[in-house]
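Observations on the model geometry
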Amino acid sequence: MNIGKLLIVAGVIMVLIGIIWTFIGKSPGDFSFKKGNVTMHFPIMTSIIVSIILSLVFFIIGKFR
């Protein structure tokens, strides 16, 4: 695989992740704290969801190797 195809595939994957992230980026389990002009965001539930999805994807890929 040459570098051009690799960059195209990486770009498509990043776009797909961005589209998916807009749907799960503000899950009910995410915490946001605002004090003055400082805002802290802790995406705990989003991290758990992404971890489960990636674990399933890598498990399925591992089964086909």
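This report concerns the structure included in the present document. All values derive from a computational prediction rather than experimental measurement.

**Describing the pairing of strand S1 (residues 31–35)**
Within S1, only 0 of the 5 residues are buried, which leaves the element largely exposed. In terms of strand pairing, S1 meets strand S2 (residues 38–42) through 5 bridges, oriented antiparallel. Paired with phenylalanine 33 across the two strands is methionine 40, which belongs to S2. Where S1 folds back on S2, the antiparallel hairpin that results is connected by 2 residues, among which glycine 36 adopts a positive phi of roughly 70°.

**As for a nonpolar patch on the surface**
Together, Phe31, Phe33, Val38, Met40, Phe42, Ile44, Met45, Ile48, Ile52 and Leu56 line one region of the surface with nonpolar side chains, adding up to about 920 Å² of accessible area. If you list the elements that add at least two residues to the nonpolar patch, you get S1, S2 and helix H2 (44–64). Per-element accounting of the nonpolar patch gives the leading share, 5 residues, to H2. Relative to the elements of secondary structure, leucine 56 occurs in helix H2.

Rules used in this analysis
Residues numbered from 1 in each chain as written. Predicted model: local features only at pLDDT ≥ 70, side-chain atom pairs only at ≥ 80, totals over all residues. Heavy atoms only, no water. Buried < 20%, exposed > 50% of the residue type's maximum accessible area, 1.4 Å probe, protein only. Helix = DSSP H or I, 4+ residues; strand = E, 2+ residues; numbered from the N terminus. Pairing = 2+ DSSP bridges. Patch = residues over 30% accessible without salt bridge, like charges linked within 9 Å, V, L, I, M, F, W, Y side chains within 5 Å. Areas by Shrake-Rupley, 256 points an atom, 1.4 Å probe, with all protein chains shown as cover. Salt bridge = Lys/Arg side-chain N within 4 Å of Asp/Glu carboxyl O.

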